[in-house]
Amino acid sequence: MKKIIILLVAVLTCLTAVFAGCGDSTGYENKLSGFEGEVSSNGGFVVQKGDYIYFINGVETHTSDNTYGKVEMGALARVKADKLYENPEIVIPSLFVAGDKTSGFYIFGNEVYYATPSTAKNKAGEIENSKLCFTRTSLDGKTSVIITTVEDNTTQYRFVESNGEVYLVLKTVNEDSESVIKIISAKTKEVIVETQKVESVLFADGASEYVYYTVTAHDEELDKDEAFNELWRVNLDGTKEMLLNGKNFGISGAKIALIKETAENLFLSVVYVDTSVTTVTNYYGLVKSGISSANVESNQGEALVLLNNGSKSAATIFSTNSWYRSLTSIVYLDKTYGLVEYNYTDTTLPEGRKLIGYGKELITYTVKFWQDGFVYLTDSSNYYYRVDVNALLTTPSNKVEPATVTLLADSAWYTPEVLNGYFFSVYSAEPYTALVFASDIAANGALTEEQIAEIREVSEEQINVNLGHSISFKSEATKEAIETYLEENFKDEE
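Conventions used here
- Residues numbered from 1 in each chain as written.
- Predicted model: local features only at pLDDT ≥ 70, side-chain atom pairs only at ≥ 80, totals over all residues.
- Heavy atoms only, no water.
- Helix = DSSP H or I, 4+ residues; strand = E, 2+ residues; numbered from the N terminus.
- Rg over C-alpha atoms; globule rule 2.2 N^0.38 Å.
- Buried < 20%, exposed > 50% of the residue type's maximum accessible area, 1.4 Å probe, protein only.
- Contact = heavy atoms within 4.5 Å.
- Areas by Shrake-Rupley, 256 points an atom, 1.4 Å probe, with all protein chains shown as cover.
- Lys, Arg positive; Asp, Glu negative; His and termini not counted.
- Charge placed at Lys NZ, Arg CZ, Asp CG, Glu CD.
- Pairing = 2+ DSSP bridges.
- Axes fitted to C-alpha atoms, helices over the stretch in contact; angles between N-to-C directions.
- Parallel < 35°, antiparallel > 145°, perpendicular 65-115°, else oblique.
- Left-handed = near helix turned anticlockwise from the far one by under 90°.

### Some thoughts on the overall build of the protein chain
Phase 1: For the protein chain, the helix and strand inventory stands at 7 helices and 32 strands.
Phase 2: Whereas a compact globule of 494 residues would reach a radius of gyration of roughly 23 Å, the protein chain reaches 26 Å, a difference of no more than 12%.
Phase 3: Along the first, second and third principal axes, the C-alpha set of the protein chain runs to 80 × 75 × 40 Å.
Phase 4: The buried share of the protein chain, reckoned over its 494 residues, is 48%.
Phase 5: Sequence-distant contacts, at least 24 apart, represent 46% of the contacts inside the protein chain between residues at least 6 apart.
Phase 6: Summing over all exposed atoms, the protein chain offers an accessible surface of approximately 24500 Å²; the carbon and sulfur share of this is 48%.
Phase 7: Looking at charge distribution, the protein chain has the averaged site of its 40 positive side-chain charges lying 4 Å from that of its 69 negative ones.

### A short note on the sheet that holds strand β16 (residues 224-235)
Phase 1: Strands sit in the order β14-β15-β16-β17 across an open sheet of 4 strands; the sheet is antiparallel. Looking at which strands have only one partner, the edges of the open sheet turn out to be β14 (200-202) and β17 (240-245). Between one strand and the next, the sheet's axes are offset by a mean angle of 30°, whatever the strand orientation.
Phase 2: As paired elements, strand β15 (residues 210-219) and β16 share 9 bridges and run antiparallel to each other. Residue pairing across strands places Asp219 opposite Lys224, the latter belonging to β16.

### Some points on the packing of helix α6 (residues 460-467) against helix α7 (residues 476-490)
Phase 1: With their axes 11 Å apart at the nearest point, α6 and α7 run at an angle of 160° to one another. Classified by the angle their axes make, α6 and α7 are roughly antiparallel. Helix-helix and strand crossings are classified by hand; for α6 and α7 the assignment is right-handed. Contacts between α6 and α7 involve Glu460, Ile463, Asn464 and Leu467 from the first element and Ile482, Tyr485, Leu486 and Phe490 from the second.

### Topic: unusual backbone geometry
Phase 1: A cis amide bond links Glu430 with the next residue in sequence, Pro431, at an omega value of 0°.
Phase 2: Position of Pro431 relative to the elements: it lies in the loop between β31 (422-427) and β32 (435-440).
Phase 3: The phi torsion at Lys189 lies on the positive side, around 70°, for a residue other than glycine.
Phase 4: Looking at the secondary structure, you find Lys189 in the loop between β12 (179-185) and β13 (191-194).
Phase 5: In this structure, Asn382 is a non-glycine residue whose phi angle is positive, near 70°.

In structure tokens form, the structure reads like this:
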């Protein structure tokens, strides 16, 4: 009898934990298989694992119903990599919706790490969906754990794996409403470190064991902030290190600003506080392998390389939209000259700049991102194009014609992704209802202008053809919206 009572108590305790939201079980299972395989392109809205392409299933809002098991649009879906337009499947029926579009979801092992609107209710019974829950969920959908919850759904974040452990890195606020960096173990939920008040933070485009940031220097004796600042970094293990002290620049110090992090270097700008000395912005490369955590002053030696001391083109060269290949090769798009390579060591070139590619259309486009030696750009209508910059570095040309990448206008969402020769993006114009599309880059690039014009014609037949290139799982509401649009706009066509 005692054993039965003990068993009943154990069962009731477990059920209480589950219903209180403390248990791992979701009560749901997607009954899918094929989760094995290597992961590539982690951290955006599209990730490949093994034979499947996983993606956020279109654009959804944080105020939509986030009942686990019922979500379709905005959920995590997948398709076979070799059969993109066939049989999309819902993997995790939860909203993958966050305000920070510089980071999406991550797959480590057989778990997915992502941000989702809170489903908790306040005392008034209102769903607190403006809060954001950072979550890890098994790929089969059966178990899910909230790692931490933040008040601001636009919080910047990254998930990073190091030595088999996954960490959540946040730029968030502390109890005093100060901006700080917080690193949390995704397994134990333990806060590894919380930094002092930060001035600015630079998140790497890919995985990085460090987060670089600046802080305003503070005079402890006078208890006042200085006009100069300091450059710091924090390791995933919680170690914090000052790398550069702004007081060591000039007479009155300087303000350091972060621009870009690559695998080898950190790019930054320096402006002197005392403008009577100079008003020029200096640009530097900090060689990561040469950084000394024991001697801050030494980091201002060989490890810190002056790349430009205020030429008229400096601001254009050292843009966040430039391609930082190395300290001696920075490629950017000049709106007058075209694609230019900058090498601070080459004194034979005007301002160290070398023209590698020009085109009348090219100079009117806007750089969106660089990948695998290509630059991806948009025109004024948000159509995507690309240029093989690696080829131009070998063989410059003054007749560059960007190749067409997309046949429909891209919508503002996550940065599009390129995988296996396909361009993944979202189209929000009716009737495409913010679905995810996969464009065959090589096929689109081979089309003539006449063929492209025909494809972009607004007709029922062409719209159906275009919809055939969507990889999204379409909810019943989405299907109805598409049908209604076609009926209302083409009902008179025979």
